[in-house]
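Tertiary structure, described
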Amino acid sequence: MSRKRSIPDSVSAGRSRIVPYYRGEDFRMRHARRLSANLEQEANVRRWCGQRGLTLRITNEGHHWQIADGGFLAEWWPSSAKLVIGKKWHDGIHCHDYKQALKVIEDFYRKKRH
């Protein structure tokens, strides 16, 4: 049985200091490491969201994060590093860690509000 391929990201947020890429590491281990490292920061992400009037919803055992207000939605899958804003699947951004994701979200959210 083959693995279902996702829509490739259009851009990357760059290398991560929090969960760096290790040459030769199995992708399953890398994805588990990303998920674990980012879940450890849930309280910080919730605080960040609260300071901006956004809500954070985490589902699927931590694999799907949604940051939203009434008209804004950012969805992030930390294990695969996919960030999608406003359901624009073909404009996905590759974000390995919560700091990268929040920076991208902040930029998009600020533009939406102005």
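This one's a predicted model, so the numbers in the text were calculated from it and none came from an experiment.

**Concerning helix H1 (residues 27–39)**
- Across its 13 residues, H1 extends 18 Å between first and last C-alpha, which sits within 8% of the 18 Å expected from 1.5 Å per residue.
- Three or more residues of H1 are buried, namely Arg 30, Arg 34, Leu 35, Ala 37 and Asn 38.
- One side-chain oxygen of the residue at the start of H1 lies 2.9 Å from the amide nitrogen of Arg 28, identifying that residue as Asp 26.

**Structural notes on the side chain of His 64**
- Mapped onto the secondary structure, His 64 falls in strand S3 (residues 64–68).
- Within the local environment of His 64, its side chain forms a polar contact with the side chain of Glu 75, the two groups lying 2.9 Å apart.
- Beyond its immediate chain neighbours, meaning those up to four positions away, His 64 contacts Arg 57, Ile 58, Thr 59, Glu 75, Trp 76 and Trp 77.

**Focus: the pattern of salt bridges**
- Enumeration over the complete set of coordinates arrives at eight salt bridges.
- Glu 25 is the salt-bridge partner of Arg 33, the closest N and O atoms lying 2.7 Å from each other.
- Between Lys 87 and Glu 75 there is a salt bridge whose closest N-O contact spans 3.2 Å. Note that Lys 87 is positioned in the loop between strand S5 (82–85) and strand S6 (93–94) and Glu 75 in strand S4 (residues 73–77), a separation of twelve residues in sequence.
- Overall, the relative accessible area of 45% leaves Lys 87 in the partly exposed class.
- One network of salt bridges, with partners in common, ties together Arg 52, Lys 103, Glu 106, Asp 107 and Arg 110.

**With respect to the layout of surface pockets**
- What the second largest pocket holds in volume is close to 170 Å³.
- Lining the second largest pocket we find Gly 71, Phe 72, Leu 73, Ile 85, Gly 86, Lys 88, Asp 91, Ile 93 and Phe 108.
- Class assignment of the residues belonging to the lining of the second largest pocket gives a composition of five nonpolar, two polar and two charged.

**Some remarks on unusual backbone geometry**
- In the Ramachandran plot, Glu 61 falls in the positive-phi region, its phi being about 55° despite a non-glycine side chain.
- Mapping Glu 61 onto the fold places it in the loop between strand S2 (55–59) and S3.
- Judged by its relative accessible area of 75%, Glu 61 falls in the exposed class.
- Although it is not a glycine, Ala 81 adopts a positive phi angle of roughly 70°.

Rules and cut-offs
Residues numbered from 1 in each chain as written. Predicted model: local features only at pLDDT ≥ 70, side-chain atom pairs only at ≥ 80, totals over all residues. Heavy atoms only, no water. Helix = DSSP H or I, 4+ residues; strand = E, 2+ residues; numbered from the N terminus. Expected span 1.5 Å × (residues − 1). Buried < 20%, exposed > 50% of the residue type's maximum accessible area, 1.4 Å probe, protein only. Polar contact = N/O pair within 3.5 Å; in protein donor to acceptor, adjacent residues only side chain to side chain. Contact = heavy atoms within 4.5 Å. Salt bridge = Lys/Arg side-chain N within 4 Å of Asp/Glu carboxyl O. 1 Å grid on protein atoms, 1.4 Å probe; cavity = no way out; pocket = protein on both sides within 12 Å on 5 of 7 lines; lining within 4 Å. Points joined across faces, edges and corners; volume = space filled by probe spheres on them. Nonpolar A, V, L, I, M, F, W, Y, C, P; charged D, E, K, R; others polar.

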